[in-house]
Amino acid sequence: MYSVLIVSIDKKFLESARTFLPNLNPNIKIVCTYDQDGALKAVTDSQDIDVIVCDHDHEKLDSLALFEFLSRNRVELPYIIVSKEVDGEIAIRAFEERIDYYMSRDKNKLNVFMELAQKITFCVERKQQEYENELNQERMKALIRLAKLNGRSFEDILDYALSESVRLTESQIGYVATYDSKNRKLNMLSWSNSCMESCKVKNVPMVYDLDTTGLWGEPIRRGETVIVNDYIAEKIYPKRGTPMGHLPLNKLLMIPIYHDGALVATAGVANKKRDYTWTDEKQLTLLMDGLFSIYAEMILKGKTLATENKLRNIIDSAPIGMLVLNSKLDIILCNSISSKLIGCGDASNQPGIRFFQNNISKEIQAVVNSVIIDGNTHVSLVPVRNQATGKDYMISVSSVKDIGADQSGYVVTFDDVSELNKTNSIMREAVEHINTLDKFVTEDILRSLKGIKEAMVSVGGTAELEINCQLNNINEAVGFVRDYHNVGMIDPIWQDVSVEVERAMDIFNVPKDLVKIRTDGLRVLADPAFYNVFYHLFSNSIMHGEHVSEIIVKYRIDRGNLILIYRDNGIGLSVDTKDNIVKGKIENGKFGMFLVGSILAATKFTLGEVGFSGKGVVFEITIPPENYSIN
């Protein structure tokens, strides 16, 4: 809408202007007056005038004098002079005073008002463009100043952003409120000072329920800008109250505020003299976007700082020592335990560990240097003793990235293993005592058995057979103790299955033609006593199979696992016996299958029996993929 103030003493001219101009351009709105006082009053009272047209009259209305009068009163609006006839002097003076346009009306009336309508349009559009450019410059300055406030308190930044929003939109009042989508609540952050001074409502709550708020909740509910340029006549939006309480409103601009795609807040300005337009929306939106970018960054920094403090507290209260070094071996972080160990005093920003002379500091430096030289990313289990306290520590050093500005560094941990070492020492001594006792007792029993056998030469009959039977049982028990002693105590080793089967055959004197070995190229990672598995399987077959004439050892692959098979053609196992044999239960002083189960369990092998009674035994040993290889 182009609001035009026409100043003229010619009533016919005014009447024609009212008729022609709105018909030629419906956007033109006419305001008329007859003198300079009326012109000043119209401009100052309304402030809704876009351009002034003065109908020059040499005797009664001097257009140049009116222009000077308005200029002195700081009225800076586009100015058009119209005269009844062409007046060269007025045209030159208008040019010198930089008046926008001069024209005469000594031609066809329609042509006059067509020309005047065109000049009015040009004036207003040019003025609006100039205003837009100035506003854009002011907005850019405001955004730059807003960015420079990043280090200030959020209250200061908020007040600045709100006051600039009110100023740039030529409003009188404004507000900013955050939105809690989870609870559907609006939290008023700030009201402009003029609003607080004008509002008569006291003790207004600062948290509002979105579902019960009126007009000012619409930007959140709709997710879009709301412009109301005639508050009283507005009938689309609800009016159950405004954020300004009982403050009288006539025009209102409200926007939703998004950050990272989420609706986080709303802001509004009100009571502009002119109508709110998309330009005002842009000013408010850009300033609020800048504000909430800073707001989100400050919240993130606060959360990050809280997390860092929490982590520091956790690290400082950890039961182990922790030390973080940069690539220059300067201490970035040092908890209380490690601080006492290396003597660094304060827990951060200390000189590098090379400046500390105790043995733990030197050990750390040596280990870190080895990481640097060897290129390892992790070195652990380096024992060291604190000479001052007599405690033992296990040091672990890890190479890590993104430590401070150097982008690399090391994490060192100290674990007090004094009690563990003490316990291990006691256990080692106990094992040594048991081994010594076991050795002497076993040797003494064997000597006694040998003496009994030699003395039995003079004994005859059934007594001799019974004694021999009991002596064999004792001898078997002693052998079991000897074999079982080291099961699971020594690390597993890679073994050729065919070689271990033949080793067991030799020990038990199994005839060569009785066993068919079909395991060429098969190796297993098993307990060093693995051969004993076959020794006891051979023992069971020959001593209890009754008519065993063939034994086969072979294998197959099942779903990645190796199935090692031991088969004979003897009488097999009954259902009752099979379960006890597989579980390795000790029955009647027989230890063989118990030993077999223990040897296999030491490397997580499993044993099963799938044969049928009367058709021989079929033992299957299941070995996981990582414990076998086939060449």
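Just above sits the structure.
Described below are features of the structure shown in this document. (Residues numbered from 1 in each chain as written. Predicted model: local features only at pLDDT ≥ 70, side-chain atom pairs only at ≥ 80, totals over all residues. Heavy atoms only, no water.)

**So, the overall build of the chain**
Each helix and strand in the chain was counted, giving 17 helices and 24 strands. For the chain, the proportion of its 631 residues judged to be buried stands at 41%. For the chain, restricting intrachain contacts to residue pairs at least 6 apart in sequence, the fraction spanning at least 24 positions comes to 60%. If you sum the accessible surface of the chain, you get close to 35,000 Å²; carbon and sulfur atoms cover 53% of it. (Helix = DSSP H or I, 4+ residues; strand = E, 2+ residues; numbered from the N terminus. Buried < 20%, exposed > 50% of the residue type's maximum accessible area, 1.4 Å probe, protein only. Contact = heavy atoms within 4.5 Å. Areas by Shrake-Rupley, 256 points an atom, 1.4 Å probe, with all protein chains shown as cover.)

**Description of empty space enclosed by the protein**
Summary: where empty space remains is shown by rolling a probe the size of a single water molecule over the atoms. Evaluated as defined, the whole model comprises one cavity of 30 Å³ or more. Quantified by volume, the largest cavity comes out at close to 30 Å³. Considering the residues around the largest cavity, the lining is formed by Ile9, Asp55, His56, Asp57, Lys84 and Arg105. Partitioned by chemical class, the residues of the lining of the largest cavity number one nonpolar, one polar and four charged. (1 Å grid on protein atoms, 1.4 Å probe; cavity = no way out; pocket = protein on both sides within 12 Å on 5 of 7 lines; lining within 4 Å. Points joined across faces, edges and corners; volume = space filled by probe spheres on them. Nonpolar A, V, L, I, M, F, W, Y, C, P; charged D, E, K, R; others polar.)

**Topic: the side chain of Thr213**
In this structure, Thr213 sits in the loop between strand 8 (207–209) and helix 8 (218–222). By relative accessible area, which is 5% here, Thr213 ends up buried. From its side chain, Thr213 meets the backbone oxygen of Leu210 in a polar contact 2.9 Å long. (Polar contact = N/O pair within 3.5 Å; in protein donor to acceptor, adjacent residues only side chain to side chain.)

**Focus: helix 14 (residues 497–508)**
Its 12 residues place the ends of helix 14 17 Å apart at the C-alpha level, agreeing with the 16 Å of an ideal helix rising 1.5 Å per residue. Within helix 14, the full set of buried residues consists of Val497, Ser498, Glu500, Val501, Ala504 and Met505. Here the buried residues of helix 14 occupy an arc of 165 degrees about the axis, which is enough to place them on one side. Check the buried side of helix 14 and you find it contacts strand 17 (493–496), strand 18 (515–517), strand 19 (522–526), helix 15 (531–544), strand 20 (551–558) and strand 21 (561–568). Structurally, the start of helix 14 carries an N-cap: the backbone nitrogen of Ser498 is 3.0 Å from a side-chain oxygen of Asp496. One or two positions beyond helix 14, positive phi appears at Asn509, with a value near 60 degrees. (Expected span 1.5 Å × (residues − 1). Arc of directions from axis to C-beta.)

**Re a negative patch on the surface**
Taken together, the side chains of Asp62, Glu68, Glu96 and Glu97 make up a negatively charged region of the molecular surface. Summarising the element assignment, Asp62 is placed in the loop between strand 3 (51–56) and helix 3 (63–72). By relative accessible area, which is 36% here, Asp62 ends up partly exposed. (Patch = residues over 30% accessible without salt bridge, like charges linked within 9 Å, V, L, I, M, F, W, Y side chains within 5 Å. Salt bridge = Lys/Arg side-chain N within 4 Å of Asp/Glu carboxyl O. Lys, Arg positive; Asp, Glu negative; His and termini not counted. Charge placed at Lys NZ, Arg CZ, Asp CG, Glu CD.)

**Notes on the nonpolar core**
Most often, soluble globular proteins keep nonpolar side chains buried together rather than apart. The biggest cluster of nonpolar side chains holds 36 residues, and the ones touching the most others in it are Phe530, Phe534, Phe538, Leu564 and Phe619. Those elements that provide at least two residues to this core are helix 14, strand 19, helix 15, strand 20, strand 21, helix 17 (592–601) and strand 23 (618–623). Tallying contributions element by element places helix 17 first for this core, with five residues. Not counting residues up to four positions away in its chain, the partners in contact with Phe538 are Val501, Ala504, Met505, Phe508, Val510, Val515, Ile551 and Tyr566. If you look at the next biggest cluster of nonpolar residues, it comprises 26 residues, including Leu146, Ile257, Leu284 and Ile294. (Core = buried A, V, L, I, M, F, W, Y, C linked by side-chain atoms within 4.5 Å.)

**Let's talk about the sheet that holds strand 1 (residues 2–7)**
Within the open sheet, the five strands sit side by side as 2-1-3-4-5. Their pairing is parallel. Edge positions in the sheet fall to strand 2 (28–33) and strand 5 (101–104), since each has one partner strand and no second. Strand-to-strand twist in this sheet, taken as the mean axis angle between neighbours without regard to direction, amounts to 20 degrees. In this structure, strand 1 lies alongside strand 3, joined through four bridges in parallel fashion. (Pairing = 2+ DSSP bridges. Axes fitted to C-alpha atoms, helices over the stretch in contact; angles between N-to-C directions.)

**Let's talk about the packing of aromatic side chains**
By the definition in use, this model includes nine aromatic pairs. Ring plane angle 20 degrees and centroid distance 5.7 Å describe the contact between Phe13 and Phe113, whose orientation is recorded as stacked. On the criterion of sequence distance, the pair formed by Phe13 in helix 1 (residues 11–24) and Phe113 in helix 5 (residues 109–148) is long-range, its members being 100 residues apart. Each member of the pair, Phe13 as well as Phe113, carries the same accessibility label: buried. (Phe/Tyr/Trp six-rings, centres within 6.5 Å; stacked < 30°, edge-to-face > 60°.)

**What about the sheet that holds strand 9 (residues 226–228)?**
Within a beta sheet, neighbouring strands are joined by backbone hydrogen bonds and run either parallel or antiparallel to one another. Reading across the sheet, the six strands line up as 8-7-6-11-10-9 and stay open at both edges, with antiparallel pairing between neighbours. Each edge of the open sheet carries a strand with a single partner, namely strand 8 and strand 9. Direction aside, neighbouring strands of the sheet carry axes that sit 25 degrees apart on average. Pairing analysis gives three bridges linking strand 7 (residues 185–191) to strand 8, with the strands arranged antiparallel. Residue pairing in the sheet places Leu186 in a bridge with Tyr208 of strand 8.

**Here we look at the pattern of salt bridges**
Tallied over the full model, the rule gives 18 salt bridges. One salt bridge connects Lys512 with Asp506, and the closest N-O pair in it is separated by 3.0 Å. The class for Lys512 is exposed, based on a relative accessible area of 56%. Arg559 is the partner of Asp558 in a salt bridge, and the nearest nitrogen-oxygen pair spans 3.5 Å. On the basis of relative accessible area, Asp558 is assigned to the partly exposed category, the value being 29%. On the basis of relative accessibility, which here comes to 79%, the residue Arg559 falls in the exposed class. Beyond isolated ion pairs, a larger network of salt bridges with shared partners links Asp10, Asp55 and Arg105.

**Examining the packing of helix 15 against helix 17**
Closest axis-to-axis distance for the helix 15/helix 17 pair is 9 Å, and the angle between their directions is 150 degrees. As far as their axial angle goes, helix 17 and helix 15 are roughly antiparallel. As helix 15 runs across helix 17, the sense of the crossing is left-handed. Listed contacts from helix 17 to Asn532, Val533, His536, Leu537 and Asn540 of helix 15 are Gly592, Met593, Leu595, Val596, Ile599 and Leu600. (Parallel < 35°, antiparallel > 145°, perpendicular 65-115°, else oblique. Left-handed = near helix turned anticlockwise from the far one by under 90°.)

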